[in-house]
Amino acid sequence: MSNQLQALLSQPPSGIMLLGFGAGNVPYSDALAAALQLAYERGHMVICASQSPFGGVSDSYAAGSWQYDYHVIAGGRLTIPAIYARLLWLLLRYDSPARRRQRWLNNVTQAGTTIKKR
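1. A word on the environment of methionine 1
Piece 1. Position of methionine 1 among the secondary structure elements: in the segment before helix 1 (2-8).
Piece 2. Remark: the alpha-carbon pair of methionine 1 and glycine 56, spanning 55 residues in sequence, is separated by 21 Å.
Piece 3. Among residues more than four places away in sequence, those in contact with methionine 1 are Leu18, Val26 and Leu32.

Here it is, written out as structure tokens:
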């Protein structure tokens with residue numbers, strides 16, 4: 001996984017999806033942690049999604065929580081197509097990696113708040 005991520009780092013900033021197991025289990029390695037940090041520094045947005053068709057990803061799930069220390073964003077209950085569409089929209093709409101990240105976090109937080117109020 002770290003080799004695949006390293007290959008993407010020479011490209012312009014983009015959106016990258018990590019597909020974890022269950023609620024976001026991504027095995028830790030020093031090489032992967034370094035690649036994730038470098039991806040963040042180069043302006044890439046890395047979102048963790050689940051390969052499981054139901055459920056979602058949580059940054060509180062212990063087996064995968066390490067990745068969030070390296071600026072990975074939990075995809076929450078969004079499906080893989082929804083994450084792809086959101087990343088594409090952000091890349092086309094905003095030219096700054098910081099604005100993309102801010103907009104992602106703001107939209108996901110608002111959606112979560114709206115759902116909880118119902």
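2. Comments concerning the nonpolar core
If you look at soluble globular proteins, the nonpolar side chains tend to sit buried side by side.
Piece 1. By size, the foremost hydrophobic cluster in this structure holds 17 residues, and its most contacted members are Leu36, Val46 and Val72.
Piece 2. Taken together, the elements giving at least two residues each to this core come down to strand 1 (15-20), helix 2 (30-41) and strand 2 (45-50).
Piece 3. Top contributing element to this core by residue count: helix 2, with five residues.
Piece 4. Those residues within four positions of valine 46 in sequence are excluded, and the remaining contacts are Ile16, Leu18, Leu36, Ala39, His71, Val72 and Ile73.
Piece 5. Counting nine residues, the second-largest nonpolar core is a separate cluster that includes Met45, Ile47, Tyr94 and Trp104.

3. Description of the environment of tyrosine 94
Piece 1. Among the structural elements, tyrosine 94 can be located in the loop between helix 3 (80-93) and helix 4 (97-117).
Piece 2. In the structure, tyrosine 94 is positioned 36 residues away from serine 58 in sequence and 26 Å away in space, judged by C-alpha atoms.
Piece 3. In this view, tyrosine 94 contacts Trp89, Arg99, Arg100 and Arg103; residues no more than four positions away in its chain are not counted.

Reading the values: the criteria
Residues numbered from 1 in each chain as written. Predicted model: local features only at pLDDT ≥ 70, side-chain atom pairs only at ≥ 80, totals over all residues. Heavy atoms only, no water. Helix = DSSP H or I, 4+ residues; strand = E, 2+ residues; numbered from the N terminus. Contact = heavy atoms within 4.5 Å. Core = buried A, V, L, I, M, F, W, Y, C linked by side-chain atoms within 4.5 Å. Buried < 20%, exposed > 50% of the residue type's maximum accessible area, 1.4 Å probe, protein only.

These figures come from the coordinates and say nothing about function on their own.
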